[in-house]
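Each chain, written out:
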Amino acid sequence: MTMINRRLVAAGLLLAAVPAHAQPAPRPAQAPAPADPVAALRAFYAKPGRASVNPFLTPRLRRLYTEQQARSRRAGEVMPGLDFVFACGCQDSDDDYQTRNVYRVVSRDERKAQVAVTLKLFADQSETQVVTFDMALENGRWLIDDVSGASGDISWVLSRLLQMRE
């Protein structure tokens, strides 16, 4: 009887181990994709200052940005769209201006969103400005597809600036 119990226990252990081998290996942990366009923009503004913007851009906008950078290098001068920081629509700001950002979803559907970001570039000044991001959901991630803003009489759209040649 003892021999039968041992065989049953051994068989049970063997059967219990078989499904474990059939299961796929766990996938490495990945950072979850931002669930909404505002979360994606918060991550964009939280990136270190010198970090590339490319991971946050749609392939279309990344291509325009990269092509304009190449033209700028060939010309030996700064080309339109590269002569200011599009994230703030500025050339100068406090180092931590992005901590004061106010986000507002202007429109959103399953694939596209528009988010207005109100920026206060300097803590000791009352002026604010608004930069608007056109976001696209691509491969489960919200990416920046275009950016626009205005300062005084001058309005700009990043994709148009990136296509300009001087």
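Residues numbered from 1 in each chain as written. Predicted model: local features only at pLDDT ≥ 70, side-chain atom pairs only at ≥ 80, totals over all residues. Heavy atoms only, no water.

Tell me about the overall build of the chain, residues and numbers included.
Secondary structure summary: the chain contains four helices and five strands in total. Its helices and strands taken in sequence order, the chain reads α-α-α-β-β-β-β-β-α from the N to the C terminus. Considering only contacts within the chain whose residues lie at least 6 apart along the sequence, 51% involve residues at least 24 apart. (Helix = DSSP H or I, 4+ residues; strand = E, 2+ residues; numbered from the N terminus. Contact = heavy atoms within 4.5 Å.)

Now, about the pairing of strand β4 (residues 141-151): what can you tell me, with residues and values included?
A regular strand places its side chains on the two faces of the sheet in alternate fashion. Of the pairings in the sheet, the one linking strand β3 (residues 129-138) to β4 comprises eight bridges and is antiparallel in character. Paired with Phe133 across the two strands is Val147, which belongs to β4. In sequence, β3 turns back onto β4 through a hairpin of two residues, with Asn139 there showing a positive phi of about 55°. Both β4 and strand β5 (residues 154-157) contribute to a ladder of four bridges, which runs antiparallel. Note that in β5 the partner of Gly149 across the bridge is Trp156. Hairpin connection, β4 to β5: the antiparallel pair is bridged by two residues, and Gly152 has positive phi, about 65°. (Pairing = 2+ DSSP bridges.)

Before we move on, could you go through the state of the cysteines and cite the residues and values that matter?
Applying the stated criterion across every chain, the model contains one disulfide. Two residues, Cys88 and Cys90, share a disulfide whose sulfurs are 1.9 Å apart. On the S-S bond that ties Cys88 to Cys90, the torsion sits near -75°, and the link is left-handed. Cys90 shares its class with Cys88; the two are buried. (Disulfide = S-S within 2.5 Å. Buried < 20%, exposed > 50% of the residue type's maximum accessible area, 1.4 Å probe, protein only.)

Give a description of helix α3 (residues 59-75) that names residues and reports values.
Its 17 residues give α3 an end-to-end C-alpha distance of 24 Å, which sits within 8% of 24 Å, the value for a rise of 1.5 Å per residue. Contacts made by the buried residues of α3 are with β4 and α4 (158-162). Phi turns positive one or two residues past the end of α3, at Gly76, with a value near 70°. (Expected span 1.5 Å × (residues − 1).)

Could you give me a rundown of the sheet that holds strand β1 (residues 102-108), with the residues and numbers involved?
Spatially, five strands are ordered β1-β2-β3-β4-β5 in an open sheet, and the strand pairing comes out antiparallel. Whereas interior strands pair on both sides, the edge strands pair on one side only; in this sheet they are β1 and β5. Sheet twist, expressed as the average angle between the axes of neighbouring strands with direction ignored, equals 25°. Packed on one face of the sheet, helix α2 (residues 37-46) meets β1, β2 (112-119), β3 and β4 and runs near 45° to β2. Against the sheet, α3 engages β3 and β4, with an angle of about 55° to β4. (Axes fitted to C-alpha atoms, helices over the stretch in contact; angles between N-to-C directions.)

Lay out the layout of surface pockets with the relevant residues and their values.
As a volume, the largest pocket reaches approximately 630 Å³. What lines the largest pocket is a set of 25 residues, among which Lys47, Gly49, Val53, Val85 and Ala87 lie closest to the centre. Elements supplying a minimum of two residues to the lining of the largest pocket: α2 and α3. Here the residues of the lining of the largest pocket are counted per class, giving 13 nonpolar, eight polar and four charged. Here the second largest pocket is characterised by a volume of approximately 180 Å³. Looking at the second largest pocket, the residues that line it are Asp83, Phe84, Gly89, Gln91, Ser151, Ile154, Trp156 and Leu161. Tallied by class, residues from the lining of the second largest pocket come to four nonpolar, three polar and one charged. (1 Å grid on protein atoms, 1.4 Å probe; cavity = no way out; pocket = protein on both sides within 12 Å on 5 of 7 lines; lining within 4 Å. Points joined across faces, edges and corners; volume = space filled by probe spheres on them. Nonpolar A, V, L, I, M, F, W, Y, C, P; charged D, E, K, R; others polar.)

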